[in-house]
Structures are given as C-alpha cells and as structure tokens.
Amino acid sequence: MKKIAPSILSADFSRLGEEIAAVEAAGADWIHIDVMDGRFVPNLTIGPPVIRSLRKITRLPFDVHLMIEKPEAHLDAFIDAGSDLLTVHLEAANHLHRTITHIKERGIQAGVSVNPATPLALLEEILPDMDLLLIMTVNPGFGGQHFIPTMLSKIRKAKAMISELAPHVLIEVDGGVNLDNLSTVAQAGADVLVAGSAVFSSGDYGHTLAAMHSLLKSLPHPSSPTA
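Residues numbered from 1 in each chain as written. Predicted model: local features only at pLDDT ≥ 70, side-chain atom pairs only at ≥ 80, totals over all residues. Heavy atoms only, no water.

A. Spatial organisation of unusual backbone geometry. Despite not being glycine, lysine 70 shows a phi value in the positive range, around 50 degrees. Mapping lysine 70 onto the fold places it in the loop between strand S3 (62-67) and helix H3 (75-81). (Helix = DSSP H or I, 4+ residues; strand = E, 2+ residues; numbered from the N terminus.)

B. Structural view of the nonpolar core. Residues Ile8 and Leu133 are the most contacted members of the largest nonpolar core, which totals 68 residues. Counting residues per element, this core draws most heavily on helix H5 (residues 151-165), at six residues. Residues contacting isoleucine 8, with those up to four places away along its chain left out, are Phe13, Leu16, Ile20, Ile31, His32, Ile33, Ile46, Leu54 and Phe200. Counting residues in hydrophobic clusters, the runner-up holds nine residues, among them Trp30, Leu134, Met136 and Val194. (Core = buried A, V, L, I, M, F, W, Y, C linked by side-chain atoms within 4.5 Å. Buried < 20%, exposed > 50% of the residue type's maximum accessible area, 1.4 Å probe, protein only. Contact = heavy atoms within 4.5 Å.)

C. Broad picture of helix H4 (residues 96-105). Of the residues making up H4, those classed as buried are Leu96, Thr99, Ile100 and Ile103. Along the long axis of H4, the arc covered by the buried residues comes to 95 degrees, so they all point the same way. Pointing more than 90 degrees away from the buried face of H4 are the exposed residues Arg98 and Glu105. Looking at the packing, one finds that the buried side of H4 touches H3, strand S4 (85-89) and strand S5 (109-114). Once H4 finishes, glycine 107 follows within two positions and takes phi at roughly 95 degrees, a positive value. (Arc of directions from axis to C-beta.)

D. Highlighting the confidence of the model for the protein chain. Scored by pLDDT, the protein chain comes out at a mean of 94, with 97% of its residues at no less than 70. Segment residues 223-227: pLDDT under 50, and one contact once partners within four positions in sequence are set aside and those in other chains are kept. (pLDDT = per-residue confidence, 0-100.)

E. The UniProt feature "binding site: substrate" (unreviewed entry) in the protein chain, seen in detail. The positions UniProt marks with the feature "binding site: substrate" (unreviewed entry) are Ser7, His65, Gly141, Phe142, Gly143, Gly144, Asp174, Gly175, Gly176, Gly196 and Ser197. If you trace the backbone, aspartate 174 turns up in strand S7 (residues 170-174). Judged by relative accessible area, which is 10%, aspartate 174 ranks as buried. Residues contacting aspartate 174, with those up to four places away along its chain left out, are His32, Asp34, His65, Leu134, Ile135, Met136, Thr137, Val138 and Val194. (UniProt positions renumbered as here; feature names shortened; annotations may be inferred.)

F. Highlighting the pattern of salt bridges. Within the structure shown, the criterion is met by eight salt bridges. With a shortest N-O distance of 2.7 Å, arginine 55 and aspartate 84 are connected by a salt bridge. One end of the pair, arginine 55, is in the loop between helix H2 (48-54) and S3; the other, aspartate 84, is in the loop between H3 and S4, and 29 residues separate them in sequence. In this structure aspartate 84 comes out as partly exposed when scored by relative accessible area, which is 34%. Linking arginine 106 and aspartate 80 is a salt bridge whose minimum nitrogen-to-oxygen distance equals 2.6 Å. Here the residue arginine 106 occupies a position in the loop between H4 and S5, and aspartate 80 occupies one in helix H3, the gap between them amounting to 26 residues. Since its relative accessible area comes to 48%, aspartate 80 is described here as partly exposed. Each of Arg15, Glu18 and Glu19 takes part in salt bridges that share partners, so that together they form one network. (Salt bridge = Lys/Arg side-chain N within 4 Å of Asp/Glu carboxyl O.)

G. Molecular detail of helix H1 (residues 16-26). All of the buried residues in H1 are Leu16, Glu19, Ile20, Val23 and Ala26. Down the axis, H1 shows its buried residues gathered within 130 degrees of arc, on one side only. Buried residues along H1 sit in contact with strand S1 (3-6), strand S2 (31-36), H2, helix H7 (197-200) and helix H8 (205-217). Phi for glycine 27, located one or two positions after H1, is positive at around 115 degrees.

H. Representation of the side chain of aspartate 63 within the structure. One can find aspartate 63 in strand S3. Polar side-chain contacts of aspartate 63 include one of 2.7 Å to the side chain of histidine 32. Setting aside residues up to four positions removed in sequence, aspartate 63 forms contacts with Ala5, Trp30, Ile31, His32, Ile33, Leu85, Thr87 and Glu172. (Polar contact = N/O pair within 3.5 Å; in protein donor to acceptor, adjacent residues only side chain to side chain.)

I. Expanded view of the sheet that holds strand S6 (residues 132-136). Read across the open sheet, the eight strands follow the order S1-S8-S7-S6-S5-S4-S3-S2; overall the sheet is parallel. Because the sheet does not close on itself, it has two edges, and the strands there are S1 and S2. Strand after strand, the sheet turns through a mean of 25 degrees between neighbouring axes, direction not considered. Pairing of S4 with S5, which is carried by five bridges, proceeds in the parallel orientation. Its bridge partner being in S5, histidine 89 is matched across the sheet by serine 113. H8 contacts S1 and strand S8 (192-195) of the sheet and is inclined by roughly 150 degrees relative to S1. (Pairing = 2+ DSSP bridges. Axes fitted to C-alpha atoms, helices over the stretch in contact; angles between N-to-C directions.)

Structural data, given as structure tokens:
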C-alpha cells in the first residue's frame, strides 16, 4: 500500500500542532519531518525538543529526515524524541553501516537519502541493511521546489536494484511531488510520497489528500498489463 507523508516544512509553524492534527484527520499516512542544520543544507529547522512535543499529539509514524552533518552524533536524541523512522544522508554519514546498525539496534527503522547528483551504485553494499531509500527529487534545503524530471529514471533504477538486492526496502520520494505528477512518480516505483506545499498550500487538506489517495488506488497493479 503506497503512502502519503505530508512534510511539515511547508506547514504553518505558528500552529504546527494544529496542522499535524488536521492532516492526520484528512488521511495522512505518515508525518515527514525535515531536520536541517544550516551546514549540510542552507537552512535551519527544528530539533529533538520540537519533535518530542509533537509526539504527544499524534499516533502517526514520524518519518524524520536528517539533513545534517555528522548525523551519527545526534541519532539517540532524535530516537528518544519519538522518531519512528530515521533517515540520514549518504553524503553526510562518515560510517554509514555503523549509523544504520545503531538506528536499528535502537528499535526503529533506518533510511538512507541520496541527493539528485548522487549515484545509486554507492548504495549497493548497504542496501540490504536499510529499511527505506529516500530519493531527493529536488536539491535539499528548501520547500516548494519543482520536481527534477530526470529523477524519474533514477527512481526506476532504484526500483530495479531493490527488487534484485533487497525487496523489503521502501522507496520514498521527496521534492516537488504534487497532484500533477503523483501517479507518474508512484508508477516509477515510489512507495512513500512526500508532499509539502502540495498539501499545506492547498487550502483543503481533506480534498487534496483524498485526491492523492484516489490517484494511488487507481494505479494498475504491477502484475497487470498496461495499455
């Protein structure tokens, strides 16, 4: 079952708890939380204390995306704050296997993210140890960017690699996903679709999320013939 994960990066931060409650009521599957340090990416967002506070208001899984340098130094703080899945960047982790192992030993799921220019081949040895591969389809750091069209082929390549080496790994896509390209991105292989401004700038979360889920349900089954 494919999932929609609204990214709170595009929410109204003055009423963040209300925004999360609203998308939960509207049918969100996960809550995507972008953590930025102003060094790995040119922006600053939130840290463990905010996640700990938000954890009290929803039972939805917290999909926490660490866009930070030296993520291994902060894993326990984000896990203790209530993360259900913690994703680190391949480009930022010095000892990726050790980092992934630690996250899983703490009892939550572990993901690895790759920037648009990062080749998938660098993941081949670590892929079986992961739970999720997050493919950035914009350059990370800011919400509201446009989907990079060439990333569709990267998603397809990732799907083929995962099918061969680690079928349990989910593919998550983050960056410029909206109602116009959702079906195409999902058909390319995405299992979890992160949507920020497409949801939080829509004016009607219920209508938008219902439309997204409807599009996903209408996709042909992988084993079904296509026209």
